Amino acid sequence: MSLFSLQFCRNLGEDNTLLYFSKDDLEGMDIGFLSALEKDEATGKYILTLKYPDYIPVMKKCVVPETRRSYETAFNSRCVPQNVEILENLVRLREEQAGLLGYSNHAAYTQEILMAKSPEIVEKFFRELYEKVKTRWEQERAKMLELKKQDCDRFGYEYDGLIHMWDFSRLYHMMIDKEFSLDQDLLKQYFPLEVVLEGMLKIYQGLLGLRFTKFANPEVWSDEVTAYEVTDTDSGSLMGYFYLDLFPREGKYGHARCGILQQACLDVTEERQKVGALLICNFPRPTPTNPSLLSHDEVVTLFHEFGHAMHIICAKAETSLLLSMSVEWDFVEAPSQMLENWCYVKDSLRLMSKHYKVHRSLIFLYN
């Protein structure tokens, strides 16, 4: 099952599907996004991948329904049929494993050691949650449909009275923009990746009593990867290392995550191993005219995943089974979710934001 899971992820990482769209197909996309795309020499069409930095902006901002539909379909059809076959094998093996161990199904087997304890409790939770949010969803659905009708009338597309999967991201962000007067394109200009990264590292160093020292010429698998040494401020002792791999490339894992290169447990001589953590993200690359600019959601993602890295590095247990990401599964996200709080605090935003042209912090707007 582990081999099937690894192959499933590898297939997604190595997917190199390309889509070709004309400028008209990409109506609504800003010039900065378009200028960063390569063009097909034969047709003059823009070339887009199925990686997040291409996919997410198009689903949010492109006004052409057919472009969003075809892009959404391609994105959610990656690695078919090979990954479908893998999933079928995994389902079969998981059911077989659960039966051999005396469980009614795989869900019952996995839930036993988690907080919910049983699939029935999970189902009950979702039924109760649905009843609580149903009224609110109907209200928001009505708002989204009205926005879709206005969008269709404005750009000359047929209104069908439905919210499709390829509509949702665009309508959701239109609703946010309208109800909160939030210009997300303007907001991104205050979060250049280098500024966010520098501010985030300062916050974590001060918060946890650590010192990060960047390596000048680290031995890494890509020129874009950076590496840091972590020492304890009080004692000066070396605690470990972390690596930052922040931009997409062919064959790379396509989401955001933090991995463990080496745990900080005791070795056979009862000396503590130097821990290694790896932060993987897929943020937009810099363009010839703009630095890499992050949405606030991406700032939170970076802060969250780096929280995992700090959990890995600061853990003090003696055995690897009790360290960092090996804690109870219901708790593993808790430290990072707690640390996300600093992404909404003025003092933190003062450190992590600076408009890439006027060089003023986001907090300047609220003073």
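Our subject is the structure that appears above.
Only a predicted model underlies this, so the values are computations on that prediction, with no experimental measurement involved. (Residues numbered from 1 in each chain as written. Predicted model: local features only at pLDDT ≥ 70, side-chain atom pairs only at ≥ 80, totals over all residues. Heavy atoms only, no water.)

Got a minute to help me understand the side chain of Arg170 in this structure?
Position of Arg170 relative to the elements: it lies in helix H8 (residues 165-180). Among the polar contacts listed, one links the side chain of Arg170 to the side chain of Asp151, at a separation of 2.8 Å. The contact partners of Arg170, leaving out residues within four places of it in the chain, are Met59, Lys60, Lys61, Cys62, Val63, Arg68, Asp151 and Phe155. (Helix = DSSP H or I, 4+ residues; strand = E, 2+ residues; numbered from the N terminus. Polar contact = N/O pair within 3.5 Å; in protein donor to acceptor, adjacent residues only side chain to side chain. Contact = heavy atoms within 4.5 Å.)

Mind showing me how you'd approach the sheet that holds strand E3 (residues 46-48) here?
Strands pair in a sheet through their backbones, by hydrogen bonds, and they do so in one of two ways: parallel or antiparallel. Read from one edge of the open sheet, three strands run E1-E3-E2, paired in antiparallel fashion. In the strand order of this sheet, the two ends are held by strand E1 (19-21) and strand E2 (38-39), each with one partner. Taken together, the three bridges between E1 and E3 define a ladder with antiparallel strand orientation. Note on E3: the bridge partner recorded for Leu19 is Leu48. The strands that helix H4 (residues 65-75) touches are E1 and E3; relative to E1, the one it contacts most, it runs at about 175 degrees. (Pairing = 2+ DSSP bridges. Axes fitted to C-alpha atoms, helices over the stretch in contact; angles between N-to-C directions.)

For this particular structure, what's the right way to read unusual backbone geometry?
One can expect most non-glycine residues to show negative phi and most peptide bonds to be in trans. Going from Val80 to Pro81, the amide bond is cis rather than trans, its omega being 15 degrees. Secondary-structure assignment places Pro81 in the loop between H4 and helix H5 (82-100). Residues other than glycine seldom take positive phi values, yet Ser181 does so here, at roughly 50 degrees. Mapped onto the fold, Ser181 is located in the loop between H8 and helix H9 (184-188).

What is the right way to read the sheet that holds strand E7 (residues 257-262) from this model?
As summarised here, the arrangement of the five strands in space is E4-E5-E6-E8-E7, forming an open sheet in which the pairing is mixed. The two strands at the open ends of the sheet, each matched to only one other strand, are strand E4 (210-214) and E7. The sheet shows a mean angle of 25 degrees between the axes of neighbouring strands, taken without regard to direction. Running at roughly 145 degrees to E4, helix H10 (residues 193-208) makes contact with E4, strand E5 (226-232) and strand E6 (238-245) of the sheet. Packed onto the sheet, helix H11 (residues 296-314) meets E4, E5, E6, E7 and strand E8 (275-280) and runs at close to 170 degrees relative to E8.

What should I look at first to understand the pattern of salt bridges in this one?
Two side chains carrying opposite charge are able to pair once their charged atoms lie near each other. Counting across every chain of the model gives 17 salt bridges. Note that Asp30 is salt-bridged to Lys61, the shortest N-O span being 2.7 Å. One end of the pair, Asp30, is in the loop between E1 and helix H2 (31-35); the other, Lys61, is in helix H3 (residues 52-61), with 31 residues separating them in the sequence. With a relative accessible area of 18%, Lys61 lands in the buried category. The salt bridge partner of Asp167 is Arg68, with a shortest N-O separation of 2.9 Å. With Asp167 in helix H8 and Arg68 in helix H4, the pair connects residues that are 99 residues apart, well separated along the chain. Look at the salt bridges and you will find they share partners, linking Arg68, Lys148, Asp160 and Asp167 into a network. (Salt bridge = Lys/Arg side-chain N within 4 Å of Asp/Glu carboxyl O. Buried < 20%, exposed > 50% of the residue type's maximum accessible area, 1.4 Å probe, protein only.)

I would appreciate a short explanation of the packing of H4 against H8 in the present structure.
When two helices pack together, their arrangement is captured by the angle between the axes and the distance separating the axes. At a closest axis distance of 8 Å, the pairing of H4 and H8 adopts a crossing angle of 115 degrees. For the pair H4 and H8, the crossing hand works out as right-handed. Residue-level contacts link Pro65, Arg68, Arg69 and Glu72 of H4 to Met165, Trp166, Asp167 and Arg170 of H8. When grouped by side-chain class, the residues that make up the contact of H4 with H8 number three nonpolar, no polar and five charged. (Left-handed = near helix turned anticlockwise from the far one by under 90°. Nonpolar A, V, L, I, M, F, W, Y, C, P; charged D, E, K, R; others polar.)

Where do I start with the packing of H10 against H11 in this structure?
With their axes 11 Å apart at the nearest point, H10 and H11 run at an angle of 35 degrees to one another. Judged by the sense of rotation from one axis to the other, the crossing of H10 with H11 is right-handed. Touching Leu193, Val196, Leu197, Met200, Leu201, Ile203, Tyr204 and Leu208 of H10 are Val299, Leu302, Phe303, Phe306, Gly307, Met310 and Cys314, all from H11. When grouped by side-chain class, the residues that make up the contact of H10 with H11 number 14 nonpolar, one polar and no charged.

The analysis is restricted to geometry; functional conclusions fall outside its scope.
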